[in-house]
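# Structural description and commentary
Here are the chains, one letter per residue:
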Amino acid sequence: MRRSLEALADTEYDVLVIGAGACGAATAREACLRGFKTCLIERDDFGGGTSAHCFKVVHGGIRYLQHADIPRLRHSCRERAILLRIAPHLVSPMPFAVPTFGQGKSSKWFLGTGMRVYDLLTLDCNAHVADPKRRIGSTRFLGYEETRRLFPEVESRGLTGAAVFEDGQMYNPPRLVLAFVAAAEQLGAAVANYVEAERLSIEGSRVTGVNVRDRLSGQRFDIRARLVINAAGPWAEGILQPSERTQVTPGTYSRDACLVLARRPASRIALAMQGRTRDADALLARNARHLFLVPWREHTLLGVWHTVVPRDPDQVSLSMTEMRSFIEEINACHPAMRLEESEVSMVGFGLVPFGDDQPQEGGRLSFGKQSRLVDHRRENGLEGLLSLISVRYTVARADAVAALDRASEQLGKRQTGAESADRPLPGGEIEDFAGFLEQLRAKWPEWLPQSAREGLAQNYGTHALGILQLAEREPALRRCLPGSTISHAEIAHSLREEMAVHMSDIVFRRTDLGTAGHPDPVALEDLEKLMQHELGWSPARTAQERAAVEAHLGRYHATGSRASSKPRAA
């Protein structure tokens, strides 16, 4: 992928997508698949906002069963299956255990019955997932002894065992976004990070493009397009508000927060836990909420805490006081967990649209977080503009399909959205992931630690072979950053082929280096030298880049290092 500002300024596009989070990137790919000349711009790095700091779960919608929202449940399961199919290296099944108690609504028979119904309603969703190990498993049950062995933090009083269902998990969310971006670029889209949409270009009753600023050079120019899709997530409304012609009713946003724990998972099964919102004494009180303890790589994720906050994505934060209150809540409800502040290696948070019990088309009530698609031709009498604010990774592709279906009313219908459900993302051309790992093992070089294999395979899929070939051609790249499994070849590949331009792009989005805690300072120093060599940075520029990395780590309370802090066993 290459940034070409000249092409952006000199071309009129059919579709211009603003925002390259999960939804924007999927929308650009969808537009290309339908034959539209497409442009995708992002004011920061691809997948660098809410998409990078989520809980990493691909939800199948099992909770919609309690509201009898079967269409939404099946929709979520279908989209989860599509991600398992088109990105088998980045998305895999994750079992979740729900402890069972007594004979009531928390009993094994009651929860198990609900999960069996869920299995039946979604039985067909696995049909097109070629790799058996990437298919969602059926409900199963754990006995009392096995549940206590796997999850000693669970309250033993009244415990009868656990019911287990499966959902999905992303290995590296920013790289899933990047895969959608790369797919769009391969299909002909012009893509550029660090290009900010400052205002919409409006002529009469039509949006004709956007005025943008390249945040790397400061250059301002116009990008022309027949249709603009504003998919900037929590920033989308900010793009609209400066003009009375485009204003919409402000949405409600939830700050979703989670903790990354330096605690090695004792089990590869996630645990559903209960917290509380007000009553510290009532574990099973009416106001109790569900939290999840989820294995992720060699760490554990704990969340999610939902808090309705003002829409201010540049200022949203999670204070140390709030983080400590989360720890206190968990320890009050689950004393055996003995969670310590020192175990929190990083926090994650971001804004998502929130709409509890909001009436939808046809008068039906829909529960929980909702994506939002605004056709400004209908809302404001303004042609050439759609706004799409998606709620989560699971439905990003489907939201893109809905947006392009609506876009075709103004652009003219071309291909349908069927192909995007079957076409693998770059690196995802894998029908048997275990077989691919064996193939990679056979080509594994002596200089690269065996422990690097899983990360390389899951982050890059089939493109991992290209990184090994790069190291074969350039012997200087045959080593890893100190205290890590991140190779110089991997970094060079990101700089040359994946449009990484800042040190933070490498640390937080192209590699695993800073995604679970503060990297080893020696590794960061080695990375500085490599990027200086590759990009010709001055000492002053290098110092600025390092300061930006440290500021980001501080915002997300990153602690520890790979060299000095090994994850504690659960």
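See above for the structure.
Residues numbered from 1 in each chain as written. Predicted model: local features only at pLDDT ≥ 70, side-chain atom pairs only at ≥ 80, totals over all residues. Heavy atoms only, no water.

### Thoughts on the overall build of the protein
Scanning the protein for helices and strands turns up 17 helices and 21 strands. A compact globule built from 570 residues should have a C-alpha radius of gyration of about 25 Å, and the protein, at 23 Å, falls within 12% of that. Along the first, second and third principal axes, the C-alpha set of the protein runs to 70 × 60 × 45 Å. Burial status across the protein gives 58% buried among its 570 residues. For the protein, the share of sequence-separated contacts (at least 6 apart) that also reach a separation of at least 24 residues comes to 72%. Approximately 23,100 Å² of the protein is accessible, and the part contributed by carbon and sulfur atoms is 50%. In the protein, which carries 71 positive and 70 negative side-chain charges, the distance between the mean positions of the two groups comes to 3 Å. (Helix = DSSP H or I, 4+ residues; strand = E, 2+ residues; numbered from the N terminus. Rg over C-alpha atoms; globule rule 2.2 N^0.38 Å. Buried < 20%, exposed > 50% of the residue type's maximum accessible area, 1.4 Å probe, protein only. Contact = heavy atoms within 4.5 Å. Areas by Shrake-Rupley, 256 points an atom, 1.4 Å probe, with all protein chains shown as cover. Lys, Arg positive; Asp, Glu negative; His and termini not counted. Charge placed at Lys NZ, Arg CZ, Asp CG, Glu CD.)

### Here we look at the pattern of salt bridges
Summed over the entire model, instances satisfying the criterion amount to 45 salt bridges. Between E198 and R213 there is a salt bridge, with the nearest N and O atoms lying 3.3 Å from each other. Of this pair, E198 sits in strand 8 (residues 195–203) while R213 is found in strand 9 (residues 206–214), placing the two residues 15 residues apart along the sequence. Using a relative accessible area of 29% as the deciding quantity, one classes E198 as partly exposed. (Salt bridge = Lys/Arg side-chain N within 4 Å of Asp/Glu carboxyl O.)

### Details of the pairing of strand 2 (residues 38–42)
By the criterion of burial, strand 2 is predominantly enclosed, with five of the five residues buried. Here strand 1 (residues 12–18) pairs with strand 2 via four bridges, running parallel. Each bridged residue has a counterpart across the sheet, and for L16 the counterpart in strand 2 is C39. After leaving strand 1, the chain enters helix 2 (residues 22–33) and then returns to the sheet as strand 2, a path that is right-handed. With four bridges connecting them, strand 2 and strand 7 (residues 190–193) associate as parallel partners. Its bridge partner lying in strand 7, I41 is registered against A192. (Pairing = 2+ DSSP bridges. Right-handed = clockwise from strand over helix to strand, strands pointing away.)

### Some words on the environment of G275
By secondary structure assignment, the location of G275 is in strand 13 (residues 270–276). Along the primary structure G275 and H290 are separated by 15 residues, whereas in three dimensions their C-alpha atoms are 6.2 Å apart.

### Looking at helix 6 (residues 173–186)
For helix 6, spanning 14 residues, the distance from its first C-alpha to its last is 20 Å, which sits close to the expected 20 Å at 1.5 Å a residue. Helix 6 sits mainly inside the fold: twelve of its 14 residues count as buried. Taken as a whole, helix 6 has its buried residues at P173, P174, R175, L176, V177, L178, A179, F180, V181, A182, A183 and A184. Positive phi appears at G188, one or two residues downstream of helix 6, with a value of about 110°. (Expected span 1.5 Å × (residues − 1).)

### Some words on the nonpolar core
Core analysis: the biggest nonpolar cluster contains 98 residues, and L8, I41, I223, L259 and L302 have the highest contact counts within it. Among the elements that line this core, the one with the most residues is strand 11 (residues 252–261), at six residues. When near neighbours in sequence (up to four residues on either side) are disregarded, I223 contacts L8, Y13, L16, C39, I41, T208, G209, V210 and V212. Ranked by size, the runner-up nonpolar core spans 51 residues in total, among them A20, C54, L83 and A403. (Core = buried A, V, L, I, M, F, W, Y, C linked by side-chain atoms within 4.5 Å.)

### Things to note about the environment of G168
Among the structural elements, G168 can be located in strand 6 (residues 159–170). Judged by relative accessible area, which is 0%, G168 ranks as buried. Separated by 110 residues in sequence, G168 and V58 have C-alpha atoms that sit 4.6 Å apart.

### Notes on the packing of aromatic side chains
The description of two aromatic rings rests on the distance between their centres and on the angle between their planes. This model, assessed by the stated rule, comprises six aromatic pairs. For the ring pair W109 and F110, a centre distance of 5.7 Å and an interplane angle of 85° mean the geometry is edge-to-face. Exposure remark for F110: the relative accessible area of 37% places this residue in the partly exposed category. Look at F433 and F436: their rings are 6.1 Å apart centre to centre, the planes differ by 50°, and that puts the pair in the tilted class. Taken as a pair, F433 and F436 lie in helix 11 (residues 433–442) at a separation of three residues, close to a single helical turn. Taken individually, F433 and F436 each receive the classification buried, so the pair is uniform in this respect. A connected cluster of aromatic rings, assembled from ring pairs, spans F96, F165 and F292. In this structure, K56 packs its charged tip against the face of W296, placed 4.8 Å from the ring centre. (Phe/Tyr/Trp six-rings, centres within 6.5 Å; stacked < 30°, edge-to-face > 60°. Lys NZ or Arg CZ within 6 Å of the ring centre and 35° of its normal.)

### So, the packing of helix 14 (residues 488–497) against helix 16 (residues 521–535)
Contact geometry for helix 14 and helix 16: axes closest at 11 Å, N-to-C directions at 45°. By the angle between their axes, helix 14 is oblique relative to helix 16. Two packed elements cross with a definite hand, and for helix 14 against helix 16 that hand is right-handed. Residues H488, I491, A492, L495 and R496 of helix 14 lie in contact with helix 16, whose contacting residues are D526, L527, L530, M531, E534 and L535. Counted by class, the contact of helix 14 with helix 16 contains seven nonpolar, one polar and three charged residues. (Axes fitted to C-alpha atoms, helices over the stretch in contact; angles between N-to-C directions. Parallel < 35°, antiparallel > 145°, perpendicular 65-115°, else oblique. Left-handed = near helix turned anticlockwise from the far one by under 90°. Nonpolar A, V, L, I, M, F, W, Y, C, P; charged D, E, K, R; others polar.)

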